[in-house]
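Coordinate inspection notes
These are the residues of each chain, in order.
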Amino acid sequence: MTRLPWNEIPPPLRARVEEVLGEPVVEALSQTGGFSPGSADRVITASGRRAFVKSAGLSLNADTPGIHRAEAAITAALPPHVPAPALLGFVEHDDWVALVLEDVEARHPSTPWEPGELEAVLEALHAMTATPLPADAAVTTLADAIAGDAAEWQRIDPVTLPPLPRGLDTWVRAHHDGLTDAAARAVADVRGDRLVHFDTRADNILLREDGSVVLIDWPWAARGVAWFDALSLLINVRYYDPDADIERLIGRHAIFDGMPRDAATRVLAGFAGMFLGSSLRPVPPRMPTLRTFQRDQAIVTLDWLRERWER
């Protein structure tokens, strides 16, 4: 995806970002990756102050401004122990919004995942979920967030399902009803009182030089079970390395303690439905790679799910 450059953001919005930072922006480095249209820039002001700025308008995509607005509200309310960039400000002009965040000097994890970096991220997730989320935290419940996954399976017509690698389309047709039921039952499995990022994958994670972990992109945060983010992260691990022994990781890492095996399988059924159903929709404006990504995620998840299902 080609990001909108800083100099093409509406000037009044840029001016409001500069008001947040206290001085003019003299340099902006556009960041690649991600799927939301709009800008994503690491900016530097006249005195050398740094920040990360994301912006979008309704003319680019009808959903993205609302996603940025949700991320601003959630980031501002995160407990202090959560490894996330600080919110510096949120500004609006007409139908445009901009999210101004702390700039983190770090890099994304290596992919395929390196064992030491994966261990550091799992430890960070474990520490983040060690204490309950405050009762007044303004996030949705994870149960509500995944409630639509079973409906995705109901919307998928197994008869007209396009071919999938390794006979997965045939397997889905044979197990469509069971997958729909499993995704519906996952709603009860994920009830909990811990913070969930809900979108843990390599491009939403940063590693500082000292090895510490930062989780970025927080619009989907929810309240649920402690192991949910770690389980979804393993989909990303397998995405980059189909031979990764992710079941061994589940068996040995403390973050998975107390995770019922059947509950994890049901949650994976929900993920598979979400990815597969989304991949079958029309391509949204200015997001040409999204549906291919979702199809790839569906294939990875279905592969893992079939292995668990047949065992």
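Note: the structure precedes this text.
Now for a description of the structure that goes with this document. Within any chain, residue numbers begin from 1 and follow the written order of that chain's sequence. Two thresholds apply to this predicted model, a pLDDT of at least 70 for residue-level local features and 80 or more for giving and counting side-chain atom pairs, whereas whole-chain, interface and lining totals are computed over all residues. Processing note: side-chain calculations cover all non-hydrogen atoms of the structure and skip hydrogens and water entirely.

1. Concerning the overall build of the protein
A count of helices and strands for the protein gives ten helices and ten strands. At 20 Å, the protein has a C-alpha radius of gyration in line with the 19 Å of a compact globule built from 311 residues. Along the three orthogonal principal directions, the C-alpha set of the protein runs to about 60 × 40 × 35 Å. Counting over 311 residues, the protein shows a buried share of 53%. Sequence separation of at least 24 residues holds for 71% of the intrachain contacts in the protein that already meet a minimum separation of 6. Put simply, the protein shows about 13800 Å² of open surface, and 52% of that area lies on carbon and sulfur atoms. For helices the rule is a DSSP run of H or I covering at least 4 residues; for strands it is a run of E covering at least 2, with both sets numbered from the N terminus onward. Radius of gyration here is computed from C-alpha atoms only, and the compact-globule reference equals 2.2 Å multiplied by the residue count raised to the power 0.38. The rule is simple: take the accessible area with a 1.4 Å probe, protein chains only, and divide by the maximum for that residue type; under 20% is buried, over 50% is exposed, in between is partly exposed. What makes two residues a contact is simply this: any of their non-hydrogen atoms within 4.5 Å. Here, Shrake-Rupley sampling with a 1.4 Å probe gives the accessible areas, and only protein chains in the shown set may cover a residue.

2. Here's the deal with the packing of aromatic side chains
Any pair of Phe, Tyr and Trp rings, taking the six-membered ring for Trp, is counted once the centres come within 6.5 Å. Such a pair is stacked with planes under 30 degrees apart, edge-to-face with planes over 60 apart, and tilted for the rest. Counted according to the given criterion, the structure contains six aromatic pairs. Taking the centre distance of 5.5 Å and the plane angle of 5 degrees together, the rings of F198 and F228 count as stacked. Of this pair, F198 sits in the loop between β7 (194–196) and β8 (205–207) while F228 sits in helix α7 (residues 228–240), placing them 30 residues apart in sequence. As far as burial versus exposure is concerned, F198 and F228 are alike and both buried. Their ring planes at 85 degrees and their centres at 4.9 Å tell us that Y239 and Y240 sit as a pair that is edge-to-face. Residue class for Y239 comes out partly exposed when judged on its relative accessible area of 28%. An aromatic cluster of three or more residues is present, and its members are F198, F228, F271 and F275.

3. Topic: the pairing of strand β4 (residues 87–93)
Both β4 and strand β5 (residues 96–101) contribute to a ladder of six bridges, which runs antiparallel. Its bridge partner being in β5, F90 is matched across the sheet by L99. In this antiparallel pair of consecutive strands, β4 and β5, the connection spans two residues, and D94 shows a positive phi of 50 degrees. Following DSSP output, two strands are said to pair if at least two bridges run between them.

4. Comments concerning the sheet that holds β4
Strand order in the open sheet formed by five strands is β1-β2-β3-β5-β4, and the pairing between neighbours is antiparallel. The strands lining the two open edges of the sheet, one partner per strand, are β1 (25–30) and β4. Mean inter-strand twist for the sheet, computed between neighbouring axes without regard to direction, equals 25 degrees. Judged from the five bridges that link them, β1 and strand β2 (residues 39–45) form a sheet pairing that is antiparallel. Paired with A28 across the bridge in β2 is V43. Angular values range over 0 to 180 degrees, each being the angle between N-to-C directions of two axes fitted as lines to C-alpha atoms, with helices fitted over their stretch in contact. Packing against the sheet, helix α1 (residues 11–21) makes contact with β1, β2, β3 (50–57), β4 and β5, and its axis sits at approximately 155 degrees to β4.

5. Here's the deal with the environment of D189
Mapped onto the elements, D189 comes out in helix α6 (residues 168–189). On the basis of relative accessibility, which here comes to 19%, the residue D189 falls in the buried class. Through-space distance from the C-alpha of D189 to that of V267 is 7.8 Å; in sequence the pair is 78 residues apart. Of note is the side chain of D189, whose polar atom sits 2.6 Å from the side chain of R266. Here a polar contact is recorded for every N or O atom pair within 3.5 Å, except that within protein the pair must consist of a potential hydrogen donor and a potential acceptor, and residues adjacent in sequence are included only if both atoms are side-chain atoms.

6. Describing the nonpolar core
Residue types Ala, Val, Leu, Ile, Met, Phe, Trp, Tyr and Cys, when buried and joined through side-chain atoms within 4.5 Å, form a set referred to as a nonpolar core. Among the nonpolar cores identified, the biggest contains 71 residues, and L142, W153, W218, F228, L231, F256 and L302 are the most heavily contacted of them. Per-element tally for this core: the top contributor is helix α9 (residues 261–279), with nine residues. In terms of nonpolar packing, the next biggest core, distinct from the first, is built from 15 residues, L13, A51, V91 and V100 among them.

7. Some remarks on the side chain of E117
By the secondary structure assignment, E117 is in helix α3 (residues 115–128). Excluding residues that lie within four positions of it along the chain, E117 makes contacts with R107, P109, S110 and L207.

8. Observations regarding the layout of surface pockets
Roughly 190 Å³ of internal volume is contained in the second largest pocket. Using a 1 Å grid laid over the protein atoms alone, points where a 1.4 Å probe fits but cannot get out form a cavity; open sets with protein on both sides within 12 Å along at least 5 of 7 lines form a pocket; any residue with an atom within 4 Å of a point counts as lining. Together, 14 residues line the second largest pocket, and W113, P115, L118, V237 and L249 are the ones closest to its centre. Here the lining of the second largest pocket takes four residues from helix α8 (residues 246–252), the largest share from any one element. In the scheme used here, Gly and all other residues not listed as nonpolar or charged are polar, with Ala, Val, Leu, Ile, Met, Phe, Trp, Tyr, Cys and Pro taken as nonpolar and Asp, Glu, Lys and Arg as charged. Here the residues of the lining of the second largest pocket are counted per class, giving eight nonpolar, no polar and six charged. Grid points are joined across faces, edges and corners, and a volume is the space filled by probe spheres set on the points.

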